[in-house]
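# Structural features, examined
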Amino acid sequence: MKVIIDSAENIAAMAAQQYVNLLKRKPNAILGGATGSTPLGLYAELVRLNKAGEISFKDASSFNLDEYVGLDGSHDQSYRYFMDHNLFDHIDIDKSRTRVPSGIDTSDPAAYDKEIAAAGGVDLQLLGIGNNGHIGFNEPGTPFGSLTHIVELTESTREANKRFFASIDEVPTHAVTMGVKTVMQARSIILMAIGPAKAPIMKAMLQGPVTENVPASVLQLHPDVTVYMDYEAAKLL
Ligand code: PGA
């Protein structure tokens, strides 16, 4: 694992450069998208670079990590809505080639893995990390062999995300998420962490044992992971 510690602004710029390099080498690359507060700086930088003509997504495709069950793409807290508003609507990607797991049709979640495989597999998967070590919505205890599946959200995750909803009661109880194995099949992975709340879990993920109790610790086993952290997220290392 490559670990890079810098300011939030600089890590967004460095992560964006990985996208520039990838898309230069492979214009039709398959990108793995993530939501949350953490990728916002990176997405803003990708939009800026796209408008400046330094990166093009016109032949790229994307598969997002996860979605809330019960929210369709028009709900302003759905992850489809998030991706459209923070990235896809502002870059030259063909929206028909952007995929987010359906939170409405959840009859066969693992069909998402087949779609990813049929498209050629994810080239660069972006990840945030939950305070409890989740990646996507793979909460502690999720088997490392898991494919895309439905999960019941932990109270800690619902608490962390309630800031976006009118009240905790409106935070969905379930989500559909790529599994740990789905994530690990990506050719390369970027994990980003920003802020002091992430410091304990970054220490556990990077310096603790590889365990299903800390889902992100599995990344220690992946051959091509770059971890970008700001100084606060890195303060316990
Ligand atoms: P955050 O969420 O970027 O909003 O901190 C990360 C996550 O829960 O995966």
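Higher on the page you've got the structure.
Residues numbered from 1 in each chain as written. Predicted model: local features only at pLDDT ≥ 70, side-chain atom pairs only at ≥ 80, totals over all residues. Heavy atoms only, no water.

### A look at helix α7 (residues 199-207)
Every buried residue of α7 is listed here: A199, I201, M202, M205 and L206. Along α7, the residues classed as buried sweep out an arc of 160° about the axis, all on the same side. Contact partners of the buried residues in α7: β1 (2-6), β9 (188-193) and β10 (225-230). (Buried < 20%, exposed > 50% of the residue type's maximum accessible area, 1.4 Å probe, protein only. Helix = DSSP H or I, 4+ residues; strand = E, 2+ residues; numbered from the N terminus. Arc of directions from axis to C-beta. Contact = heavy atoms within 4.5 Å.)

### Describing the pairing of strand β2 (residues 30-33)
Regular strands have side chains that alternate between both faces of the sheet. Burial of β2 is two-sided: the residues I30 and G32 facing one way and the residues L31 and G33 facing the other way are all buried. Bridge count between β2 and strand β3 (residues 61-64): 4 bridges; the pairing is parallel. In the strand pairing of β3, L31 is matched with S62. Between the parallel elements β2 and β3, the chain passes through helix α2 (residues 40-51) in a crossover that is right-handed. (Pairing = 2+ DSSP bridges. Right-handed = clockwise from strand over helix to strand, strands pointing away.)

### So, the pattern of salt bridges
The full count for this structure, using the stated rule, is 11 salt bridges. A salt bridge links K95 to D84; its shortest N-O distance comes to 3.8 Å. Of the two residues, K95 is situated in the loop between α3 (79-86) and β5 (98-99) and D84 in helix α3; the sequence distance between them amounts to 11 residues. Accessibility expressed as a relative area gives 13% for D84, which makes it buried. The salt bridge involving R99 is made with E115; its shortest N-O contact spans 2.6 Å. In this pair, R99 is assigned in strand β5 and E115 in helix α4 (residues 111-119), connecting sequence segments 16 residues apart. Under the relative-accessibility criterion, R99 is labelled partly exposed at 26%. (Salt bridge = Lys/Arg side-chain N within 4 Å of Asp/Glu carboxyl O.)

### Considerations on the site of the ligand
Around the ligand sit G36, S37, T38, G128, I129, G130, H134, R163 and K198, and those are all the residues in its vicinity. Within the side chain of R163, an N or O atom sits 3.4 Å from an oxygen atom of the ligand. Between K198 and the ligand, the recorded distance is 2.5 Å, taken from a side-chain N or O atom to an oxygen atom. Here the residues of the shell around the ligand sort into 1 nonpolar, 6 polar and 2 charged. (Near = heavy atom within 4 Å. Polar contact = N/O pair within 3.5 Å; in protein donor to acceptor, adjacent residues only side chain to side chain. Nonpolar A, V, L, I, M, F, W, Y, C, P; charged D, E, K, R; others polar.)

### Topic: the sheet that holds strand β7 (residues 149-152)
Read across the sheet, 3 strands follow the order β4-β8-β7 without closing on themselves; strand pairing throughout is antiparallel. Each edge of the open sheet carries a strand with a single partner, namely β4 (66-68) and β7. Looking at each pair of strands side by side, their axes are set apart by 25° on average, direction ignored. Pairing of β7 with strand β8 (residues 174-177), which is carried by 4 bridges, proceeds in the antiparallel orientation. Bridging across to β8, H149 finds its partner in T177. (Axes fitted to C-alpha atoms, helices over the stretch in contact; angles between N-to-C directions.)

### What to know about the nonpolar core
Core analysis: the largest hydrophobic core is formed by 59 residues, its most contacted members being L191 and M202. Every residue in contact with L191, bar those within four places of it in the chain, is listed here: L127, G128, I129, I135, M202, M205, A216, L219, T226, V227 and Y228. In this structure, Y68, Y79, V151 and V171 belong to the second largest nonpolar core, which totals 9 residues. (Core = buried A, V, L, I, M, F, W, Y, C linked by side-chain atoms within 4.5 Å.)

### What to know about the sheet that holds β2
The strand order β1-β10-β9-β6-β2-β3-β5 describes an open sheet built from 7 strands, whose pairing is parallel. In this open sheet, the two strands that pair with only one neighbour each are β1 and β5. In this sheet, β10 lies alongside β1 in parallel orientation, the contact comprising 5 bridges. Bridging from a neighbouring strand, I4 pairs with Y228 of β10. Where α7 meets the sheet, its contacts fall on β1, β9 and β10, and the angle it forms with β10 comes to roughly 155°.

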